[in-house]
Amino acid sequence: MYKIRNLSLSFDGHEAVRSASFDIPRGARLGLVGESGCGKSITALALLGMAPASARVSGSIEIDGQEMAAAPERLWRSYRARKVAMVFQEPLSALNPLKRVGDIIAEPMRLHLRLDRRAARARARDLLVEVGIPDPEARLDQYPHQLSGGQRQRVLIAAALSCDPQLLVADEPTTALDAHVAGRILDLLKRLSETRDMALVFISHDLEAVARVTEEMLVMYGGDIVERGPTAQLLADPRHPYTKGLIEARPRLDALTLRADGAPRPRLASIPGSVPALADLPKGCRFAGRCPIERPACAGLRPAVSVLGPGQRQVRCLAPLLPAKVPA
Amino acid sequence: MRNLPVSLWIGGALVGVIALAALVSLVWTPQDFATVAVSERFQPPSARYWLGTDQLGRDVLTQLMVGARNSLTIALVAVGLGGALGTALGLLAGAKGGWTEEIVLRLADFSFAFPALLFAIMLAAAFGPSFANAVVAIAFINIPVFVRVSCASARQVWQRDYVLAARASARGGLAITRDHVLPNIAAIVIVQATIDFAGAILIEAALSYLGLGVQPPEPSWGRMLSEAQTLLFLAPQLTVLPGLCIVATVLGFNLLGDGLRDLADPRREKAR
Amino acid sequence: MPFLLRRLAGLVATLTGISLVVFAVMNVLPGDPALTILGLDSTEDARAALSAQLGLDQPVWARYLDWLGGILQSDFGTSYAYRVPVTELILERLPLTLTLGLLASILTIALATALGVFAAARHGKAGDWVTMILSQLGIAIPAFWLSILLVLLFAVTLRVLPSGGFPGWAEPLEALKSLVLPVTALVLVQASVLARVTRASVLEVAKLDYARTARALGLSPRRVMWGHVLPNALVPMVTVAGMQLAGLITGTIVIENVFFLPGLGRLMFQAINNRDLYTVQALVLLFASIVVIVNFLVDMIYLLIDPRLREGRS
C-alpha cells in the first residue's frame, strides 16, 4: 500500500531523514522508535505530505501505486483523512477548543464524503461508540475542555477514522496521558487496526508501548533507520548497539514481562552523551561518537544495510552485535 | 553590542534627531519664535529661512524646533510623573497584596475605562487650556498602565526564592522593594515608558490641534497644523513638516520601545 | 449566567464612577462653576446671579444627585450658550456621530482582519513586511494630519470629494460623500493597531496543534484559516478591538472638528469654547459611557466565541 524508497528530508542541506526505505502493507502495525530528534515525527508528517515547508523532500513515497513525494498539495489534501490520517501527541491542544466534538468529527466527512449534516452526525456518533466513549449522543454536543484526557484522545482518533483511512499514523499518542489511560488507548489503537484491517504507524520512544501495539518495528537514530525487524525478536535480540542501548536504558521492573502501560520514560541513561544537533551529526554512521563498539571507520563511512537470518531483520552497522543466546 | 534589533537603531535615530533639535533650541534657534513679520510671510526656503516662513512670517524651522522642545517636555514630564506615581502604586499593591492590591487594581481598571483623549479634553475644558494642564492630564492618564505593569511584575518577583529568603530574615517590605523588586521591574517599566511616550506625543498633538494644549505664542506641532489647515488652498506646504515631525517622533519612540523590549526579553525576539 | 451578572454589576459600577468623576472634575475641582461659565472678567454680581439660577447654593452631593436623577430621565440640563435643553442638542447631532462611528468601526474591523490574515498567511514574505511597515506608520500618524493630507489630495488637488462640512441627510449621496474622508482617516489609523494584533494572534494560533490536526484531516488552508485559526485568534483580538473602538469613538471628536461635521464632537469643542458647562459635562459623560458600554458588549462577544467562558469561569 505504502512504498517508501530513499526518502530524504533535509533542512539547509542537513539531512534530518537519510534515505529511508520501508513498506507499509495493508493492516500492518509498524512501530517507529527513537529518541526525540531522531527524525521519526518528521517521517510521520511526510507520510501525510505535511513535512515543514522549509524541508527539502527527495526520494519516493508511493501510495497505492501513485507517486506522491512531489505531488501537489491539492492531491495530498484529497488523500488525507481518506487514505491516511494522523493522531497527535497532546489531545487537548490538538482539538479546536471552540468547536463541538460532533462538529470536529463531522467536518472531514462533510468535506470529503459530502455527507449532509444529519448523516455526518449519525456517523460521528457511531465512531464515538467504536472508540469506546460512553453516552456518545451527549458527547457530540460537548466541547473538548469538558472531556477527560483519555476521552479527548479518543475523539481525536474518531475524527481521524471518520473517512475510513487505510493508514493511521499515531505520533506519541499516549505521552500526555497517565499510565492507566494510556494503556487503554494503546489497546484501542491495536483493536481498531485489527477490526478495520487498517495499517498503523505507531511512533514512540517507549519500547513497552511499541511492543504492546506493533508487529514490526523500525529503530531510528539521527535520521537513519538503524535496525528493523519483528518487534518481539528485535527487543529480545537487538543487533545494533543503539537499539541495545535503548533497551538497556529503560527502567527494568521485571526482566521478562514488559510493563503493561505506556508511561513516559526518563532519559536514556546507558547511552553516553546526547543526540547531536542536526548540523553536528557525523557523516558516516550517525551513532559514531556515542557508540560503545565504535571502530575508526564508523564516523566517515555510512554502513550498508546487512540482512540478518532469513531476511526479516536488517541492521545498518559495520559490526552488528552477535545474536544473543535467548531461549526460544 | 552585537545583533541589536533593527527597530532599536531606526527608533533611536529618529528620537535622537528630534531630541537634538529640541536641545539645540534651548540655546539657539535660527530666528526668534515669537517674532511676527507679516511682510515676510509665505517665504520659500532660503538662506535666511531654511524651511521658509508661515502665514505670519515666522520661521518654520524655529517653530518646529521649539515645537519639538514643547512636545518632548510635556511628554517627558507627564510620562515621568504618571509613571512614577503609577509604579509606586503598583509596587505598593504588589508588596501589600490583599485589599490594597484589590483596590489599587480596581481603580486602575476603572481609569482604563475612561478614554485618555476624552479625559485630557475634559481637564482642559474644566481648568482652561494651558501647558501645565496638558501635562497634568497626560500624566494622569498614564498612571493606570504603570500600575498594572509594575504590580504584575512585582508580584512575580515577590514569589521568587531569594525574596522569600529575604522576608524570612525579617527584612522590611520597603527594603525588599528597593533592593530586589525595583531593580527587577526597572527594565519593563522603562520599556512601558518609551511606548507611552509615543502615546503622550500623539495626545499632546491632538490637544494642541484642538487649541487645548500649548497656548500661543509658544509653538506646537499640533497648532501649526490647525493653523495651516485654514490656509490649505493658499499654502499647502505648511501642513507637511509639522505632521512629519509628529510621525517621526511617535514612530521613533514606538520602534525604540519595541527594540528595548526585545533586548529586555530575548525569548520574545526568538519567538518571532 | 453568574459571569453575565457580575459583568452587568461591574458595568453599572463603572458608569456610576464615571458620572462621579465627570461631575467632580467639571463642578467641584475648578471651584466656582459660575466662574468657569462666565470667565475671569465677569462681575461678582453676575456670578452670584448665575449661581442662584443654576442652583449652585445647594450642597455638592445634592447637586450631583439632582444631575444624575435628571440624566436618568434623559434631562441633561439647559445649555447656557444655546439656551435650549442639552438633550435636544445631543439628539440633533447624534445621528451624524453615530453614522461616522459605526461606519468606521465596521470598516476598521473588516480591514484589520483582512490585513492581519493576509500578513500572517505571508509570514516573513514581502506582503507581510509591507503590511507591517505600513501599519507601523499608521500607528504613528495622527488622524487629524492624515485627514489634512487626504483633504489636500482628494479635495484640493483632485477635487472629487468635499474638504469638509455636511450637507444634511436630505441628500443622502452628498452626505455619504462628505463622510468618505473622515471615515477613511479614522479607519486607517485604528485598523493599523488591530491588524498587527490580528497578525500576531493568527500566527500564534496557527502554530497550535489543532491547526495541524485540521490540516491532517485534509482541510484546505483557507478552511483551516477561517474555520479554525481565525475564530481562536479572535479571542485576544476582541480585547484590543474594544480598546480600538474606544479610540475610534474619541477619535470622532477630533475628526469632526477637522472636517467641520456638525456632530457631538464638534458640539463638544464649541461648548468648551463657549464655556457651556452643562453641555460639556453631558457630552463627556456620554462619550465615556459609550466607550464603557461598547467594551461591555465586546466582552459579551467573548461569551459567544468561547464555550469555556460560558461556564462561569472568568
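Attention in this report is confined to the structure presented alongside it. These numbers come from a predicted model, not from an experiment. (Residues numbered from 1 in each chain as written. Chains lettered and ligands numbered in written order. Predicted model: local features only at pLDDT ≥ 70, side-chain atom pairs only at ≥ 80, totals over all residues. Heavy atoms only, no water.)

As for the overall build of chain A
Link 1 in the chain: Each helix and strand in chain A was counted, giving 10 helices and 12 strands.
Link 2 in the chain: Whereas a compact globule of 328 residues would reach a radius of gyration of roughly 20 Å, chain A reaches 20 Å, a difference of no more than 12%.
Link 3 in the chain: Projected onto its principal axes, the C-alpha positions of chain A cover 65 × 45 × 35 Å.
Link 4 in the chain: By residue count, 55% of the 328 residues in chain A fall in the buried class.
Link 5 in the chain: Sequence-distant contacts in chain A: of pairs separated by 6 or more residues, those separated by 24 or more amount to 65%.
Link 6 in the chain: With an accessible surface of roughly 13,900 Å², chain A has 52% of that area assigned to carbon and sulfur atoms.
Link 7 in the chain: Charged side chains in chain A number 45 positive and 36 negative. The centres of these two groups are separated by 1 Å. (Helix = DSSP H or I, 4+ residues; strand = E, 2+ residues; numbered from the N terminus. Rg over C-alpha atoms; globule rule 2.2 N^0.38 Å. Buried < 20%, exposed > 50% of the residue type's maximum accessible area, 1.4 Å probe, protein only. Contact = heavy atoms within 4.5 Å. Areas by Shrake-Rupley, 256 points an atom, 1.4 Å probe, with all protein chains shown as cover. Lys, Arg positive; Asp, Glu negative; His and termini not counted. Charge placed at Lys NZ, Arg CZ, Asp CG, Glu CD.)

Overview of the interface of chain B and chain C
Link 1 in the chain: Across the boundary between the two partners, chain B contributes 37 residues, which contact 38 residues of chain C.
Link 2 in the chain: Of the roughly 3,300 Å² buried where chain B meets chain C, counting both sides, 84% is carbon and sulfur surface.
Link 3 in the chain: Taken together, the links from chain B to chain C amount to 0 salt bridges.
Link 4 in the chain: Scanning the region where chain B abuts chain C turns up 2 residue pairs in polar contact (both at pLDDT 80 or more).
Link 5 in the chain: Sorting the residues of the side of chain B that touches chain C by element identifies α3 (98-113), α4 (116-127), α7 (173-209), α8 (221-229) and α9 (240-264) of chain B as the ones contributing at least two each.
Link 6 in the chain: Ranked by the residues each element gives to the side of chain B that touches chain C, the list is headed by α9 of chain B, at 10 residues. (Buried area = accessible area lost by both parts, 1.4 Å probe. Salt bridge = Lys/Arg side-chain N within 4 Å of Asp/Glu carboxyl O. Polar contact = N/O pair within 3.5 Å; in protein donor to acceptor, adjacent residues only side chain to side chain.)

A look at the environment of R290 of chain A
All names here are of chain A.
Link 1 in the chain: Mapped onto the elements, R290 comes out in the loop between α10 (241-249) and β11 (305-308).
Link 2 in the chain: We classify R290 as buried; its relative accessible area is 6%.
Link 3 in the chain: Put simply, R290 and P276 are 14 residues apart on the chain and 9.8 Å apart in space, counted from C-alpha to C-alpha.
Link 4 in the chain: Among all residues touching R290, those that are not within four sequence positions of it are E35, Y221, I271, P272, G273, S274 and V275.
Link 5 in the chain: For R290, the side chain forms a polar contact with the side chain of Y221, separated by 3.0 Å.

Considerations on the pairing of strand β12 (residues 313-316) of chain A
Successive residues of a regular strand alternate their side chains across the two faces of the sheet.
Link 1 in the chain: Relative to β12 of chain A, strand β10 (residues 224-230) of chain A runs antiparallel, the two being bridged by 2 bridges. Bridge pairing links E227 of chain A to V315 of chain A in β12 of chain A. (Pairing = 2+ DSSP bridges.)

Examining the interface of chain A and chain C
Link 1 in the chain: Taken residue by residue, the interface counts 29 residues in chain A and 23 residues in chain C.
Link 2 in the chain: Overall, the association of chain A and chain C removes approximately 2,300 Å² of surface from exposure, summing both partners, and the carbon and sulfur fraction of that is 59%.
Link 3 in the chain: Where chain A packs against chain C, one counts 2 salt bridges.
Link 4 in the chain: For the interface between chain A and chain C, the tally reads 8 residue pairs in polar contact (both at pLDDT 80 or more).
Link 5 in the chain: Listing elements by their share of the side of chain A that touches chain C, those giving two or more residues are α2 (73-79), β6 (84-87), α3 (101-112) and α6 (149-161) of chain A.
Link 6 in the chain: A total of 4 residues in the side of chain A that touches chain C trace back to one element, the largest contributor, which is α3 of chain A.
Link 7 in the chain: Its residues placed into classes, the side of chain A that touches chain C shows 17 nonpolar, 6 polar and 6 charged. (Nonpolar A, V, L, I, M, F, W, Y, C, P; charged D, E, K, R; others polar.)

With respect to the sheet that holds β6 of chain A
Residue and element names in this part refer to chain A.
Link 1 in the chain: Taken together, the 8 strands give an open sheet; going across it, the order is β6-β7-β8-β3-β9-β10-β12-β11, and neighbouring strands pair in mixed fashion. Either end of the sheet is taken by a strand with one partner, and the two such strands are β6 and β11. Direction aside, neighbouring strands of the sheet carry axes that sit 20° apart on average.
Link 2 in the chain: Sheet analysis places strand β9 (residues 216-221) next to β10, joined by 6 bridges and oriented antiparallel. Paired with M220 across the two strands is I225, which belongs to β10.
Link 3 in the chain: Taken strand by strand, α10 contacts β3 (29-33), β9 and β10, and its axis lies near 100° from that of β9. (Axes fitted to C-alpha atoms, helices over the stretch in contact; angles between N-to-C directions.)

Observations regarding helix α6 (residues 126-140) of chain C
Link 1 in the chain: Compared with the 21 Å implied by 1.5 Å per residue over 15 residues, the 21 Å span of α6 of chain C between its first and last C-alpha is a close match.
Link 2 in the chain: Within α6 of chain C, burial applies to G127, D128, T131, M132, S135, Q136, G138, I139 and A140 of chain C.
Link 3 in the chain: Packed against the buried residues of α6 of chain C are α7 and α9 of chain B together with α5 (86-121) and α8 (172-206) of chain C. (Expected span 1.5 Å × (residues − 1).)

Description of the pattern of salt bridges
Link 1 in the chain: Evaluated as defined, the whole model comprises 32 salt bridges over all chains.
Link 2 in the chain: Between R196 of chain A and D164 of chain A there is a salt bridge whose closest N-O contact spans 2.9 Å. Within this pair, whereas R196 of chain A is found in helix α7 (residues 179-196), its partner D164 of chain A is found in the loop between α6 and β7 (167-171), the two being separated by 32 residues in sequence.
Link 3 in the chain: Between E227 of chain B and R223 of chain B there is a salt bridge, with its nearest N and O atoms 3.3 Å apart. Placement of the pair is E227 of chain B and R223 of chain B together in helix α8, with a separation of 4 residues, close to one helical turn.
Link 4 in the chain: Given a relative accessible area of 9%, R223 of chain B falls into the buried group.
Link 5 in the chain: What emerges from the salt-bridge pattern is a single network uniting R121, R125, E137 and D141 of chain A.

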